[in-house]
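# Secondary and tertiary structure notes
One-letter residues, chain by chain:
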Amino acid sequence: MNCQNKKIGIMGGTFDPIHIGHLAIAQEAVEYKKLDKVLFIPTGNPPHKTNKEKTKAEIRLEMVKIGIEDNEFFEIDDYEVRREEPSYSAMTMQYLKDKYPKTELYFIMGEDSLLDIESWYRYEDFLNCVTVLVAKRQEQCNKDLENKVNDLISKGYKVEIVPSHYLEISATNIRKKLKNGENPKYYLKQEVYNYIIKEGLYL
Ligand code: ATP
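Below you will find a few notes about this structure. Nothing here was measured: the structure is a model prediction, and the numbers come from that model.

### Looking at the nonpolar core
When a protein is soluble and globular, its nonpolar side chains tend to lie buried together. The biggest cluster of nonpolar side chains holds 31 residues, and the ones touching the most others in it are Ile18, Val38 and Phe40. Counting residues per element, the ones that place at least two in this core are α1 (20-33), β2 (37-42), α2 (57-68), β4 (104-110), β5 (131-135), α8 (171-179) and α9 (190-199). If you look at the next biggest cluster of nonpolar residues, it comprises 28 residues, including Trp120, Val130, Leu152 and Val159.

Right, here's the structure in full:
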């Protein structure tokens, strides 16, 4: 990507696997904020999920590549996967600010991530670097989410709720279905689903 791009969305996540919930909120964010690009940055050794089993980073990276390949706004960055040590979003934002100095960064996340933001390493530094675009993950209006957004805004951070439809899809549920012999194929891009089946993942 060249430095002419002014607004970059960032979609960080484990992507174990990438599903249509991720793709849909990234697309909604592009349209809502007229983003020039969304960078998908899969975690290497995710600090938040160290106690859980996770699929090898190279495989998750491959699924993201397959998931985004037909969208001209979506790109992948393997920065966190390449690092040996755990990556924290605050550090990754610094890397992006150095790489794209004239660019505004918009970090796209689901409401569960925002509600948990204070547990992130150096979360204040992280929030100082970005505008957070948060997507709902449940149908009802979540008072906790509204309170959190207002609280962060009152502290001077930039946070907005993306006016998107919520999709009740999670990677956890997809993995569970595959393990139980159920079929999650309509929660995934067809090519990602085909890859999962070919590689025999999550059985
Ligand atoms: P898991 O179930 O394994 O925790 P996940 O489905 O939440 O995974 P992640 O890769 O952890 O996926 O999520 C990356 C980001 O995408 C997080 O900020 C998460 O909140 C958000 N996200 C994931 N699924 C959705 C969805 N259906 N709607 C809105 N945001 C989502």
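What follows picks up the thread again.
### As for the packing of aromatic side chains
Applying the stated rule across the entire model yields seven aromatic pairs. On the basis of an interplanar angle of 5° and a centroid distance of 3.8 Å, the ring pair of Tyr79 and Tyr95 is categorised as stacked. Linking Tyr79 in helix α3 (residues 79-82) with Tyr95 in helix α4 (residues 89-99), this pair joins segments that are 16 residues apart in sequence. According to the relative accessible area criterion, Tyr95 is buried, its value standing at 17%. Between Phe107 and Phe126, the aromatic rings sit 5.0 Å apart at their centres with planes inclined by 85°, giving edge-to-face as the arrangement. On the criterion of sequence distance, the pair formed by Phe107 in strand β4 and Phe126 in helix α6 (residues 123-129) is long-range, its members being 19 residues apart. By relative accessible area, which is 5% here, Phe107 ends up buried. Since its relative accessible area comes to 1%, Phe126 is described here as buried. Feature note: the residues Phe15, Phe40 and Phe74 constitute an aromatic cluster, connected by ring pairs. Sitting over the ring of Tyr32, Lys33 keeps its end group 5.1 Å from the ring centre.

Rules used throughout
Residues numbered from 1 in each chain as written. Predicted model: local features only at pLDDT ≥ 70, side-chain atom pairs only at ≥ 80, totals over all residues. Heavy atoms only, no water. Core = buried A, V, L, I, M, F, W, Y, C linked by side-chain atoms within 4.5 Å. Buried < 20%, exposed > 50% of the residue type's maximum accessible area, 1.4 Å probe, protein only. Helix = DSSP H or I, 4+ residues; strand = E, 2+ residues; numbered from the N terminus. Phe/Tyr/Trp six-rings, centres within 6.5 Å; stacked < 30°, edge-to-face > 60°. Lys NZ or Arg CZ within 6 Å of the ring centre and 35° of its normal.

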